[in-house]
Amino acid sequence: RSTVTLFQACVTSTLLYAAETWYCVPEKFMDTIEARYRTLLYTMLGIPVSSKYQSVLYELDLMTAKHTIMSRRLKYFNKIMRDDGNCLTRDMIIEEYKVASNANKHLTFMGSVKKACSTYNLPDLTTSNHVPDEMISETIRETCTRECWIEMVKSPISIPRMWIRNRETAYHSMPWSESNAILR
């Protein structure tokens, strides 16, 4: 557990420094960040590269870099939109959204936040009252955990702590057909 804490304190904070302010990040760049995140996690913890990424994240109770970035971005947006007084950043974000054509609204910061809110089934942060940061974090963590669990169920994986034991089995020793039926 101490290595995971060290990983979150040093690697995650350094690799994703100021990620909440990134927007319109190309998918290829996001994939590169995720790959670096995975490589650093496996290296620090001494996990073989053959281990399934989703099961490692699930067992260590970590989120993917993508979900971590989205959590930070939504909390940052929530804070600046609810900030009292003059906030130049808020005014610029609103103005950017207003002047963007309808075809390009999704490329603005506010447009990406609207899309993320619908993806994570959160209230629209652009129109709703203040949403607690804990609710944002919890919802995104649940989504990430659910995605990891689904990926583990869909394919045969090694049992938990697969870098210690290396026996192929379906998730939680269920036959693959039963674990796949849970998803439907």
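Conventions we followed
- Residues numbered from 1 in each chain as written.
- Predicted model: local features only at pLDDT ≥ 70, side-chain atom pairs only at ≥ 80, totals over all residues.
- Heavy atoms only, no water.
- Helix = DSSP H or I, 4+ residues; strand = E, 2+ residues; numbered from the N terminus.
- Expected span 1.5 Å × (residues − 1).
- Buried < 20%, exposed > 50% of the residue type's maximum accessible area, 1.4 Å probe, protein only.
- Arc of directions from axis to C-beta.
- Contact = heavy atoms within 4.5 Å.
- pLDDT = per-residue confidence, 0-100.

Notes on helix H5 (residues 88-99)
Piece 1. In this model H5 runs 16 Å from its N-terminal to its C-terminal C-alpha over 12 residues, within 8% of the 16 Å that 1.5 Å per residue would give.
Piece 2. Where H5 is concerned, the buried positions are Arg-90, Ile-93 and Tyr-97. All buried residues of H5 lie within an arc of 65° about the axis, which places them on one face of the element. Facing away from the buried surface of H5 by more than 90 degrees, the exposed residues are Leu-88, Met-92, Lys-98 and Val-99.
Piece 3. Here the buried face of H5 lies against helix H4 (65-82) and helix H6 (109-119).

Section: the environment of Ile-94
Piece 1. For Ile-94, the position within the fold is in helix H5.
Piece 2. The sequence separation of Ile-94 and Met-81 amounts to 13 residues, and the corresponding C-alpha distance is 9.3 Å.
Piece 3. For Ile-94, the residues in contact, after removing those within four places along its chain, are Met-81 and Met-110.

Concerning the confidence of the model for the protein chain
Piece 1. Considering every residue of the protein chain, the mean pLDDT works out to 81; 83% of them sit at 70 or more.
Piece 2. When the elements of the protein chain are averaged for pLDDT, strand S2 (residues 168-169) gives the smallest value, 44, and helix H2 (residues 27-45) the largest, 92.
Piece 3. Scored below 50 in pLDDT, residues 161-171 makes 30 contacts in the model with residues more than four places away or belonging to other chains.
Piece 4. Long-range and interchain partners of residues 176-184, a stretch whose pLDDT sits below 50, account for 15 contacts in this model, where long-range means more than four residues apart.

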